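# Working through the structure, step by step
Listed here are the chains, written in short residue letters.
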Amino acid sequence: MEPSGAIIGKQISFARVERNLTRQDLGVILGISSEQVGKYESGEEAMPAGLLYRLSQAFDLPVTAFFRQPDESRFAGTGYRS
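The structure reproduced in this document is the subject of the present report. (Residues numbered from 1 in each chain as written. Predicted model: local features only at pLDDT ≥ 70, side-chain atom pairs only at ≥ 80, totals over all residues. Heavy atoms only, no water.)

### Remarks on the overall build of the protein chain
We count it as follows: A run of DSSP states H or I qualifies as a helix once it reaches four residues; a run of E qualifies as a strand once it reaches two. Both are numbered from the N-terminal end. When accessible area is computed with a 1.4 Å probe and restricted to protein chains, residues below 20% of their type maximum are described as buried, those above 50% as exposed, and intermediate ones as partly exposed. Whether two residues are in contact is decided by their heavy atoms: any pair within 4.5 Å suffices. Surface exposure here means Shrake-Rupley accessible area, sampled with a 1.4 Å probe, where a residue is shielded only by the protein chains that are shown.
Of regular secondary structure, the protein chain possesses 4 helices and 0 strands. Reading the protein chain from its N terminus to its C terminus gives the helix and strand order α-α-α-α. Per-residue burial for the protein chain yields a buried fraction of 37% across its 82 residues. The long-range fraction of contacts in the protein chain, counting pairs at least 24 apart against all pairs at least 6 apart in sequence, stands at 60%. Accessible surface, the protein chain: about 4,900 Å² in total, of which carbon and sulfur atoms supply 51%.

Set out below in structure tokens:
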């Protein structure tokens, strides 16, 4: 089982890609840099709870959606890489 930071990071990345957003786009939405988005997506840093809540609101997802083990098969053949 992956650490929670890696799971959350992958879910952030999946949600962003599903909406055809770049890291820069997501950074603008959240008021952070694209580099910081990358750190959250890679699991290098944990996204603060308040920012995760804002992300869930922006993407119209429950916060709990970011804690589920990602289904990477839904990106098979799309060229997506975490």
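### Structural notes on the packing of helix α2 (residues 23–30) against helix α4 (residues 49–58)
Here is the rule we go by: Note on definitions: angles span 0 to 180 degrees between N-to-C directions of axes, and those axes are lines fitted to C-alpha atoms, for helices only across the stretch in contact. Orientation is classified from the angle alone, with under 35 degrees giving roughly parallel, over 145 giving roughly antiparallel, 65 to 115 giving roughly perpendicular, and any other angle giving oblique. Just so you know the grouping, Ala, Val, Leu, Ile, Met, Phe, Trp, Tyr, Cys and Pro go in nonpolar, Asp, Glu, Lys and Arg go in charged, and all remaining residues, Gly too, go in polar.
For the pair α2 and α4, interaxial distance at closest approach is 10 Å and the crossing angle is 110 degrees. Relative to α4, the element α2 is oriented roughly perpendicular. For the pair formed by α2 and α4, the contact residues are Leu26, Ile29 and Leu30 on the first element and Leu51, Arg54, Leu55 and Ala58 on the second. Residue composition of the contact of α2 with α4, grouped by class: 6 nonpolar, no polar and 1 charged.

### Re the packing of aromatic side chains
Just so we agree on the cut-off: Aromatic pairs are defined between Phe, Tyr and Trp rings, using the six-membered ring for Trp, whenever the two ring centres lie within 6.5 Å; interplanar angles under 30 degrees are classed as stacked, those over 60 as edge-to-face, and all others as tilted. Put simply, a charge is over a ring when the Lys NZ or the Arg CZ is close to the ring centre, within 6 Å, and near the line of the ring normal, within 35 degrees.
Following the criterion strictly, the structure yields 0 aromatic pairs and no others. If you follow Arg19 out to its NZ or CZ, it ends over the ring of Phe59, 4.4 Å from the centre.

### Some points on the nonpolar core
Stated precisely, the cut-off is as follows: We call a set of buried residues a nonpolar core when its members are Ala, Val, Leu, Ile, Met, Phe, Trp, Tyr or Cys and they connect through side-chain atoms within 4.5 Å of each other.
Counting 13 residues, the largest nonpolar core has Ile12, Leu26, Met47, Leu55 and Phe66 as its most contacted members. Contributing elements (two or more residues each) for this core: α1 (4–18), α2, α3 (34–42) and α4. Beyond its immediate sequence surroundings of up to four residues, Ile12 is in contact with Leu26, Tyr40, Glu41, Met47, Leu55 and Phe66.

### So, the side chain of Ser34
With respect to the helices, strands and loops of the structure, Ser34 is situated in helix α3. Residues contacting Ser34, with those up to four places away along its chain left out, are Arg23 and Gln24.

### Details of the packing of α2 against α3
Two quantities define a packed helix pair, namely the angle between the axes and the distance from one axis to the other. For the pair α2 and α3, interaxial distance at closest approach is 8 Å and the crossing angle is 100 degrees. By the angle between their axes, α2 is roughly perpendicular relative to α3. In this structure, α2 uses Arg23, Gln24, Leu26 and Gly27 to contact α3, whose residues at the interface are Ser34, Val37, Gly38 and Glu41. Its residues placed into classes, the contact of α2 with α3 shows 2 nonpolar, 4 polar and 2 charged.

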